[in-house]
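# Working through the structure, step by step
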Amino acid sequence: PYPYLTLGDAGAEVWDTSTTRGTRFTWTLRAYARDSGRQSVLSILEAAHALLHRATLAVPGHAVVLARLLDTETRLLADGATWQGAARYRILLQAL
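The rules behind each value
- Residues numbered from 1 in each chain as written.
- Predicted model: local features only at pLDDT ≥ 70, side-chain atom pairs only at ≥ 80, totals over all residues.
- Heavy atoms only, no water.
- Phe/Tyr/Trp six-rings, centres within 6.5 Å; stacked < 30°, edge-to-face > 60°.
- Buried < 20%, exposed > 50% of the residue type's maximum accessible area, 1.4 Å probe, protein only.
- Pairing = 2+ DSSP bridges.
- Helix = DSSP H or I, 4+ residues; strand = E, 2+ residues; numbered from the N terminus.
- Axes fitted to C-alpha atoms, helices over the stretch in contact; angles between N-to-C directions.
- Contact = heavy atoms within 4.5 Å.

## Points about the packing of aromatic side chains
Enumeration over the complete set of coordinates arrives at three aromatic pairs. With a centroid separation of 5.4 Å and an interplanar angle of 45°, the aromatic rings of Y2 and Y4 are classed as tilted. Taking relative accessible area as the criterion, Y4 reaches 33% and is therefore assigned partly exposed.

## Some remarks on the sheet that holds strand β1 (residues 4-14)
With respect to topology, four strands assemble into an open sheet ordered β1-β2-β4-β3, the strand pairing being antiparallel. In the strand order of this sheet, the two ends are held by β1 and β3 (62-76), each with one partner. Neighbour-to-neighbour, the strand axes of this sheet turn through a mean angle of 15°, independent of strand direction. Bridging between β1 and strand β2 (residues 22-33) involves nine bridges; their strand directions are antiparallel. Bridging from a neighbouring strand, G11 pairs with T26 of β2. Along the sheet, helix α1 (residues 37-52) contacts β1, β2, β3 and β4 (83-95); its crossing angle with β4, the most-contacted strand, is approximately 10°.

Structural data, given as structure tokens:
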């Protein structure tokens, strides 16, 4: 049933320095809506943003250096009825 939120594409890269080890994660959240359309998608993404952007996250064995929104987009899918919104986040983790 609509609306809903999913975890979309995700990726990780080594983010090491000469003195520390780290990982840079990029995650995409995808929101879908029909009846309430684009505004519903934007509301879902805003609620996720309130929880994730610059959040204090607990990751065992790591310090979260950064959690921030990179970009967002919305579009009407080919069926003409479903709106999709995407929000990409970057999270930098430093090994303790």
